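# Fold and contact review
Each chain, letter by letter, is given below.
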Amino acid sequence: YKAKARIDNLYIDLENKIIYINDLKTTSKGLSRFLKSVADWRYYRQLAFYKKAVQTAIHTGYLNVSGYDLKTFRIVCNNIAVETIPEYNCCVFNMDDLYDKGKTELISLISRFTFHESKNIWDKSMEEVQGNGVIEVRKEHITRYLYGNS
């Protein structure tokens, strides 16, 4: 599949060999509650997608800087949260620790999309189709609902 990434800000620090992917987020709930938004909206998936897009752009030569091998640069993923309420505070949230989780979930979502597209079935879950109408419920499926974990 072809996909596009519209990254808010991509900064290449040539001196320190770091590529920064910065995604701007606004919040009316204050910075103290931003991490809940990260969990609720799963922003880490978006940054995993952006990181893969940057890696692909480097690998294909679409993203290059003369005299530098960007393949050797570290890629850092940040959400920059800005309050939409006074005092309009701003904070950078480094999301690198959530990259693997985002990548895993993104791969799962792409796999689910591919499954549904191949079957042309959009009104039932993958599990329902695979189980011929029966979904086997396991503890890990409902843990977050029982204990508030995601």
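Summary of the structure given here. Since this is a predicted model, take the numbers as computed values, not measurements.

Definitions and limits used
Along each chain, the written sequence defines residue order, and numbers are assigned to residues from 1. A pLDDT threshold of at least 70 governs which residues receive local features in this predicted model, and a stricter bar of 80 or more applies before side-chain atom pairs are shown or counted, although totals over entire chains, interfaces and linings include all residues. Side-chain calculation: all heavy atoms of the structure are included, whereas hydrogens and water are not. Secondary structure counts use DSSP, requiring at least four H or I residues in a row for a helix and at least two E residues in a row for a strand, with both numbered from the N terminus. We compute the radius of gyration from the C-alpha atoms alone; for a globule the expected value is 2.2 Å times N to the 0.38, where N is the number of residues. Relative accessibility thresholds used throughout: buried, under 20% of the residue-type maximum; exposed, over 50%; partly exposed, between the two (1.4 Å probe, protein chains only). When checking whether two residues touch, look at their non-hydrogen atoms; a contact exists if any pair is within 4.5 Å. Note that accessible areas follow from Shrake-Rupley with a 1.4 Å probe, and for residues the cover is restricted to the protein chains shown. For the purpose of charge, His is not counted, nor are the chain termini; Lys and Arg are scored as positive and Asp and Glu as negative. The atoms used to mark charge sites are NZ of Lys, CZ of Arg, CG of Asp and CD of Glu. Each reported salt bridge corresponds to a side-chain nitrogen of Lys or Arg within 4 Å of a carboxyl oxygen of Asp or Glu. The definition of a polar contact used here is a pair of N or O atoms within 3.5 Å, where within protein one atom must be able to donate a hydrogen and the other to accept one, and adjacent residues in sequence count solely through side-chain atom pairs. Working definition of a nonpolar core: buried Ala, Val, Leu, Ile, Met, Phe, Trp, Tyr and Cys residues. They are joined through side-chain atoms within 4.5 Å. A pair of strands is labelled paired if DSSP reports no fewer than 2 bridges between them.

### Digging into the overall build of the protein chain
For the protein chain, the helix and strand inventory stands at 5 helices and 4 strands. The order of helices and strands in the protein chain, counted from the N terminus, is β-β-α-α-β-β-α-α-α. Its C-alpha atoms give the protein chain a radius of gyration of 19 Å, clearly above 15 Å, the size a compact globule of 150 residues would have. Once the C-alpha set of the protein chain is aligned to its principal axes, its extents read approximately 55 × 45 × 25 Å. In the protein chain, which comprises 150 residues, the share counted as buried stands at 28%. For the protein chain, the proportion of contacts with a sequence separation of at least 24, taken over those separated by at least 6, is 58%. On the protein chain, roughly 10,800 Å² of surface is accessible, and the fraction owed to carbon and sulfur atoms is 52%. The positive charge centre, built from 22 side chains, and the negative charge centre, built from 18, are 4 Å apart in the protein chain.

### With respect to the side chain of aspartate 13
By secondary structure assignment, the location of aspartate 13 is in strand S1 (residues 9-13). One buried charge, aspartate 13, has no salt-bridge partner; the nearest side chain with opposite charge is arginine 74, at 8.3 Å. A polar contact is formed between the side chain of aspartate 13 and the backbone nitrogen of glutamate 15, at a distance of 3.2 Å. Discounting chain neighbours no more than four positions away, the residues touching aspartate 13 are Ile18, Tyr20 and Phe73.

### Quick notes on the nonpolar core
Among the nonpolar cores identified, the biggest contains 20 residues, and Ile19, Ile21 and Val54 are the most heavily contacted of them. The biggest single contributor to this core is helix H2 (residues 43-60), with 7 residues. Apart from the residues within four sequence positions on either side, isoleucine 19 is in contact with Leu10, Tyr11, Ile12, Val54, Ile58, Leu70, Phe73, Arg74, Ile75 and Val76.

### Re the pairing of strand S3 (residues 74-83)
For S3, a buried count of 7 out of 10 residues is recorded, marking the element as mostly surrounded by other parts of the structure. Where strand S2 (residues 18-27) lies against S3, 10 bridges are found, and the strand directions are parallel. Across the sheet, leucine 24 pairs through a bridge with isoleucine 80, a residue of S3. In the sheet, S3 pairs with strand S4 (residues 90-94) via 5 bridges, with the strands oriented antiparallel. Note on S4: the bridge partner recorded for asparagine 78 is asparagine 94. Once S3 ends, the chain turns through 6 residues before running back antiparallel as S4, passing tyrosine 88 with a positive phi of about 60 degrees.

### Structural notes on the pattern of salt bridges
Within this structure, the stated rule accounts for 7 salt bridges. Between lysine 25 and aspartate 23 there is a salt bridge whose closest N-O contact spans 2.9 Å. Per residue, the accessibility class of lysine 25 equals that of aspartate 23, and both read buried. Of the charged contacts in the structure, one is a salt bridge between glutamate 105 and lysine 101, with a shortest N-O distance of 3.0 Å. You can see glutamate 105 and its partner lysine 101 sitting in helix H3 (residues 99-119), 4 residues apart, about one turn around the helix. According to the relative accessible area criterion, glutamate 105 is buried, its value standing at 16%. For lysine 101, a relative accessible area of 35% corresponds to the partly exposed category. A single salt-bridge network, built from bridges that share partners, covers Arg42, Arg45, Lys101 and Glu105.

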